[in-house]
Amino acid sequence: MFKSKKALEVLAPVGDEERLGAALNFGADAIYLGGQMFGMRAGPANFSPDELKNAVERSHKKDVKVYLTCNTLPRNDEIPHFEEFMRAADYSGVDAVIVNDIGLLSLVKKYSPDMEIHISTQAGIVNYVTANEFYNMGAKRVVLARELSIDEIAEIRAKTPKELDIECFVHGAMCVSFSGRCLLSQYLVNRDANRGECAQPCRWGYHLMEENREGQYFPVFEDEKGTYILNAKDMCMIEHIDKLAEAGVYSLKIEGRAKSSYYVSVVTNAYRMAVDYYLQHNTMEGCPKWIFDEVFKVSHRAYCTGFFFGHPNDKNGEYQYYGDNGYIREYDVVAVVDKCQGGRLYGTQRNKFNRGDELEILSPGREPVKIFAEKIYDENDNEIDTANHATMKFSLDCDLNFESGSIIRNKK
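Keep in mind it's a predicted model, so treat the numbers as computed, not measured. (Residues numbered from 1 in each chain as written. Predicted model: local features only at pLDDT ≥ 70, side-chain atom pairs only at ≥ 80, totals over all residues. Heavy atoms only, no water.)

1. Thoughts on the overall build of the chain
Item 1. Scanning the chain for helices and strands turns up 10 helices and 22 strands.
Item 2. The buried share among the 412 residues of the chain stands at 54%.
Item 3. Taking as baseline every contact in the chain between residues at least 6 positions apart, the subset at least 24 positions apart corresponds to 69%.
Item 4. A total accessible area of about 18,900 Å² is found for the chain, and carbon and sulfur atoms account for 48% of it. (Helix = DSSP H or I, 4+ residues; strand = E, 2+ residues; numbered from the N terminus. Buried < 20%, exposed > 50% of the residue type's maximum accessible area, 1.4 Å probe, protein only. Contact = heavy atoms within 4.5 Å. Areas by Shrake-Rupley, 256 points an atom, 1.4 Å probe, with all protein chains shown as cover.)

Shown next as structure tokens:
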């Protein structure tokens, strides 16, 4: 089995082949993904056994580990299928499986005794006694509950074997329920969050209706700011990697297997750059601001630091977002770079852009570069005013070199 150990691990989410390429190109140390059963994200395409094997081979060629999710709470009728699932995991060569259910943990040890086991955040590990017990049961890693503070994590690290890895979510959507264990979706729309089917009713706006006034809806206020009373902000810890590392966190997990390849590219790249800066300087002081700014260039909700520094908080003293359930989106991906040669940039269009637009190009491990689309050419080398056809081939006059797969975006 593939073995690689670095000082800190940037762990990226992967929902399909495109997002796999994004994570690999933009600096992930490890990825986590799902098969077609037993995973907590039913929405993404996920991976068939053959696709999973191919994904592992691609990842290992780049020194990237692969962790397979089997972290649902399976019902009786699913248990007989788990042996086949583990055979596919062994066949693919994944480096570890992520488990929540204790019964599945026992079956992993039975069907695949050499498989590395990680305990999912859904297990709700909030103390060193539980972490130690999972270690005694065969776990190599625990993904701690998102409700812990830095100090609590440090105590767990101090009172567990050094061989036990500590992983924490550091970026992405926060669930309003404890460690993602929620029944709201199942009750309201019969989509079980604990089986990967959450409809996110915590993001809905709620009103009160009096039974004799049908059709008249009245806002439900937590305070004067709105009715989205369960709508948590997103987590962002990119400025605090030093504190996470000092507390003993080894793996920095980015949420988002259902999010776009652009999100995976940008956020993975930002955390890669931030981690590299920390490892070089042993502090986050002086880290270039552009690295922190990158996480604001993807679709996101307002950010906070979760429970890491106590009660969820931000500069305004708020941890919920009451205004609406939408995302902040200030940039559009307009193209992807295919190659650069002969003073031209050749690319594939993703969204419309025009001659004269100021574009920004993000390459792995580099600060974004601004260029102007002074001239645009179609695939037949005809000068055009706009690139407005999906996936059309185009070129721009450009004396700079950008590697294949670099992202071209513009600000709305």
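We are not done yet, so read on.
2. Focus: helix 4 (residues 102-111)
Residues lying three or four places apart along an α-helix face the same way, a consequence of the helix completing one turn every 3.6 residues.
Item 1. Turning to helix 4, its buried residues are Leu104, Leu105, Leu107 and Val108. Viewed along the axis of helix 4, the buried residues span an arc of 165°, placing them on a single side of the element. Away from its buried face, by an angle of more than 90 degrees, helix 4 presents the exposed residues Ile102 and Lys110.
Item 2. At its buried positions, helix 4 is contacted by strand 3 (65-70), helix 3 (82-92), strand 4 (96-99), strand 5 (116-119) and helix 5 (128-136).
Item 3. The N-capping residue of helix 4, defined by a side-chain oxygen 3.0 Å from the backbone nitrogen of Gly103, is Asp101. (Arc of directions from axis to C-beta. Polar contact = N/O pair within 3.5 Å; in protein donor to acceptor, adjacent residues only side chain to side chain.)

3. Looking at the environment of Arg355
Item 1. With respect to the helices and strands, the residue Arg355 is situated in the loop between strand 15 (353-354) and strand 16 (358-362).
Item 2. Sequence separation of Arg355 and Phe372 is 17 residues, and the distance between their C-alpha atoms is 8.2 Å.
Item 3. When sequence neighbours within four positions are dropped, the list of residues in contact with Arg355 reads Ala373, Glu374, Lys375, Ile376, Glu383, Ile384 and Asp385.

4. Description of the packing of aromatic side chains
Aromatic ring pairs are defined here through the distance separating the ring centres and the angle between the ring planes.
Item 1. Across all of its chains, the model carries three aromatic pairs by this definition.
Item 2. Relative to Tyr303, the ring of Phe296 lies with its centre 5.2 Å away and its plane at 80°, an arrangement referred to as edge-to-face.
Item 3. For Phe296, a relative accessible area of 39% corresponds to the partly exposed category.
Item 4. Tyr303 gets classed as buried once you look at its relative accessible area, which sits at 12%.
Item 5. Note on Phe353 and Phe394: the rings are 5.2 Å apart at their centroids and 70° apart in plane angle, and the pair reads as edge-to-face. (Phe/Tyr/Trp six-rings, centres within 6.5 Å; stacked < 30°, edge-to-face > 60°.)

5. Structural notes on helix 5
Item 1. Every buried residue of helix 5 is listed here: Ala131, Asn132 and Phe134. In an axial view of helix 5, the angular spread of the buried residues amounts to 160°, which keeps them on one side of the axis. For helix 5, the exposed residues set more than 90 degrees away from the buried face come down to Val129 and Asn136.
Item 2. Considering only its buried residues, helix 5 is in contact with helix 4, strand 5, strand 6 (141-143) and helix 6 (150-158).
Item 3. For helix 5, the N-terminal capping position is held by Asn127, with its side-chain oxygen 3.1 Å away from the main-chain nitrogen of Val129.
Item 4. Phi turns positive one or two residues past the end of helix 5, at Gly138, with a value near 115°.

6. What about unusual backbone geometry?
Item 1. For Asp63, which is not glycine, the phi torsion reads 65° and is therefore positive.
Item 2. With respect to the helices and strands, the residue Asp63 is situated in the loop between helix 2 (49-61) and strand 3.
Item 3. Overall, Asp63 belongs to the partly exposed group, its relative accessible area being 40%.
Item 4. The backbone of Asn282 sits at a positive phi, close to 60°, despite the residue not being glycine.

7. Thoughts on the packing of helix 2 against helix 3
Item 1. At a closest axis distance of 8 Å, the pairing of helix 2 and helix 3 adopts a crossing angle of 30°. Classified by the angle between their axes, helix 2 and helix 3 sit roughly parallel to one another. Here helix 2 runs over helix 3; the crossing is right-handed. Two secondary-structure elements touch here, helix 2 through Pro49, Asp50, Leu52, Lys53 and Val56 and helix 3 through Ala88, Tyr91 and Ser92.
Item 2. Residues belonging to the contact of helix 2 with helix 3 are distributed by class as follows: five nonpolar, one polar and two charged. (Axes fitted to C-alpha atoms, helices over the stretch in contact; angles between N-to-C directions. Parallel < 35°, antiparallel > 145°, perpendicular 65-115°, else oblique. Left-handed = near helix turned anticlockwise from the far one by under 90°. Nonpolar A, V, L, I, M, F, W, Y, C, P; charged D, E, K, R; others polar.)

8. As for the environment of Ile371
Item 1. Here Ile371 lies in strand 17 (residues 369-372).
Item 2. On the basis of relative accessibility, which here comes to 9%, the residue Ile371 falls in the buried class.
Item 3. As a C-alpha pair, Ile371 and Glu360 span 11 residues in sequence and 6.2 Å in three-dimensional space.
Item 4. When residues no more than four places from it in sequence are discounted, the contact partners of Ile371 are Asp357, Glu358, Leu359, Ile361, Leu396 and Leu400.

9. Quick notes on the pairing of strand 17
Item 1. Pairing between strand 16 and strand 17: four bridges, direction antiparallel. From the neighbouring strand, Ile361 faces strand 17, where its bridge partner is Val369.
Item 2. Between strand 16 and strand 17, which follow one another and run antiparallel, lie six residues, and Gly365 among them has a positive phi close to 75°. (Pairing = 2+ DSSP bridges.)

10. Remarks on the pairing of strand 5
Item 1. Neither face of strand 5 is left uncovered, since the one carrying Glu116 and His118 and the one carrying Ile117 and Ile119 both have all their residues buried.
Item 2. In the sheet, strand 4 pairs with strand 5 via four bridges, with the strands oriented parallel. Across the sheet, the residue bridging to Ala96 is Glu116, located in strand 5.
Item 3. Traced from strand 4 through helix 4 to strand 5, the parallel crossover comes out right-handed.
Item 4. Relative to strand 6, strand 5 runs parallel, the two being bridged by two bridges. (Right-handed = clockwise from strand over helix to strand, strands pointing away.)

11. A look at the sheet that holds strand 17
Item 1. The antiparallel open sheet is built from eight strands, whose spatial order is 17-16-22-13-14-21-18-19. Taken across any chain shown, the strands that pair with only one partner, and hence form the sheet edges, are strand 17 and strand 19 (383-384).
Item 2. Judged from the three bridges that link them, strand 16 and strand 22 (residues 407-411) form a sheet pairing that is antiparallel. By the bridge assignment, Glu360 is partnered in strand 22 with Arg409.

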